[in-house]
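Each chain, letter by letter, is given below.
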Amino acid sequence: MSHVEGELNSQPECWTRAAEEAGRHREALPAPGERVAIVGCGTSYFMAQAVAVLRESAGQGETDAFAASEFPRGRSYDRVVALTRSGTTTEVLDLLGQLKGGTRTTAITADPDTPVMSAADDLVVLDFADERSVVQTRFATTALTLLRAHLGLDTDAAVADARTALTTPLPAALVACTQFTFLGRGWTVGLANEAGLKMREASLSWTEAYPAMEYRHGPISITTKGTATWMLGEAPEGLAEQVRSTGGLWIEGGLDPLAELVRAQRLAVAVADARGLDPDQPRHLTRSVILAP
């Protein structure tokens, strides 16, 4: 079993622990009414997109998400939350250094022995969700679960659905598809972006991701026999039928959207295996992007 496969299989246990520990981290996480920015790189940026929508939808306050390298320096926030599995990503550390002494910062990380521990004002360490694989799975979803619990959102159903996602066979013919599109709405747009990234990283697949209502505005033109369109969350009315009419494979996401992401992670590993690729050794990638001065 690859590292990534073992790690993605451990997610229900990691989510349960994160939800249980959310209260212990209350003071380090955004308070209701704070104006907040959530930043990250790669997978962490897509989790930031999901959390930002969830927080605003929960009435907790204005929340933006940015790639760490694209943070608007002139904009004022009460708190900036940085998601960083490794704690060593250059763009994240640079941003935290620039904000030091001016804006309250929180880092959510997996490794307690990294530079981010002194770069941020407040810390949340999820070391039980750290990973050996370059391809990130359980840390990202565990951080998101922690933040869902912090927002007062129920996570029990997501944990139960994750167990289903790990034990239910993937839809027939899905692994043989030549192109994959992931769709989301609201907070699940970030999850769709992450599902596409997992497919590219682990299996070198041609993947795209869009807000579901945008799919009709051009992207559906590539849908045909041998392609798959996967909806994370509730689909817009009529879209499933429209995709099926092209000959493409429509995958309805009936589980909690975060559990649907687990299914997409499994697909990435399955496609990698079918193509003779090692999902633990993605092409041109390292666990952390550390740039030379």
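Just so it is clear, the structure is predicted and the values come from calculations on it, not from any experiment.

Draft legend 1. Quick peek at the pairing of strand β6 (residues 179-184). β6 sits mainly inside the fold: 6 of its 6 residues count as buried. Residues Gln179, Thr181 and Leu183 point to one face of β6 and Phe180, Phe182 and Gly184 to the other, with burial holding for every one of them. For β6 and strand β7 (residues 206-211), the ladder comprises 6 bridges, and the chain directions are parallel. Considered in β7, the bridge of glutamine 179 is made with tryptophan 206.

Draft legend 2. Expanded view of the sheet that holds strand β5 (residues 122-125). With respect to topology, 5 strands assemble into an open sheet ordered β2-β1-β3-β4-β5, the strand pairing being parallel. Looking along the sheet, the strands with just one partner apiece sit at the ends: β2 (63-67) and β5. Across the sheet, the axes of successive neighbouring strands diverge by a mean angle of 20 degrees, strand direction being ignored. In terms of strand pairing, strand β1 (residues 36-40) meets β2 through 5 bridges, oriented parallel. Bridge assignment links valine 36 to a residue of β2, and that residue is threonine 63. Packing against the sheet, helix α6 (residues 138-150) makes contact with β3 (79-84), β4 (104-109) and β5, and its axis sits at approximately 130 degrees to β4.

Draft legend 3. Inspection of helix α8 (residues 188-203) at higher detail. Taking 1.5 Å of rise per residue, the 16 residues of α8 would be expected to cover 22 Å, and the 22 Å separating its terminal C-alpha atoms lies within 8% of that figure. Counted residue by residue, α8 has 15 buried out of 16 residues, so it is predominantly covered. Downstream of α8 by a residue or two, leucine 204 has a phi angle that is positive, lying close to 55 degrees.

Draft legend 4. The sheet that holds β6, seen in detail. Across the sheet, which stays open at both edges, the 4 strands sit in the order β7-β6-β8-β9 with parallel pairing between neighbours. Two strands close off the open sheet at either side, each with one partner strand: β7 and β9 (249-252). Averaged over all pairs of adjacent strands, the angle between strand axes in this sheet comes to 20 degrees, irrespective of strand direction. Packed onto the sheet, α8 meets β6, β7 and β8 (227-232) and runs at close to 160 degrees relative to β6. Its contacts with the sheet put helix α10 (residues 257-274) on β6, β8 and β9, and the angle it makes with β8 is roughly 155 degrees.

Draft legend 5. Looking closely at the packing of aromatic side chains. Under the definition given, this model contains 6 aromatic pairs. Between phenylalanine 66 and phenylalanine 71, the ring centres sit 5.8 Å apart and the planes meet at 80 degrees, which makes this aromatic pair edge-to-face. Per residue, the accessibility class of phenylalanine 66 equals that of phenylalanine 71, and both read buried. Both rings, one in phenylalanine 182 and one in tryptophan 230, keep their centres 5.8 Å apart while their planes meet at 35 degrees; by these two values the pair is tilted. You can see phenylalanine 182 sitting in strand β6 and its partner tryptophan 230 sitting in strand β8, a full 48 residues away along the chain. By the burial criterion, phenylalanine 182 is buried, and tryptophan 230 matches it. In textbook terms, an aromatic cluster arises when at least three aromatic residues are bridged by ring pairs, as seen for Phe66, Phe71 and Tyr77. Over the aromatic face of tyrosine 77 sits the side chain of arginine 35, whose NZ or CZ is 4.8 Å from the ring centroid.

Rules and cut-offs
Chains are numbered independently. Their residues run from 1 in the order of the written sequence. The predicted origin of the model limits local features to residues at a pLDDT of at least 70 and limits the giving and counting of side-chain atom pairs to 80 or more, whereas totals for whole chains, interfaces and linings rest on all residues. The basis for every side-chain value is the complete set of non-hydrogen atoms in the structure, without hydrogens or water. The classification of residues rests on relative accessible area computed with a 1.4 Å probe and restricted to protein chains. Under 20% of the type maximum is buried, over 50% is exposed, and intermediate values are partly exposed. Each helix corresponds to a stretch of at least 4 residues labelled H or I by DSSP, and each strand to a stretch of at least 2 residues labelled E; elements are numbered beginning at the N terminus. Two strands qualify as a pair provided that DSSP identifies no fewer than 2 bridges between them. What counts as an axis is a line fitted to C-alpha atoms, over the stretch in contact for a helix, and the angles between N-to-C directions run from 0 to 180 degrees. Residue contacts follow a heavy-atom distance rule, with two residues in contact if any of their heavy atoms lie within 4.5 Å. Helix span, expected: 1.5 Å multiplied by one less than the number of residues in the helix. Note on ring pairs: Phe, Tyr and Trp rings are taken, using the six-membered ring of Trp, and paired if centres are within 6.5 Å. Classes follow the plane angle, with under 30 degrees stacked, over 60 edge-to-face and the rest tilted. Lysine and arginine charges are scored as sitting over a ring when NZ or CZ, respectively, is within 6 Å of the ring centre and within 35 degrees of the ring normal.

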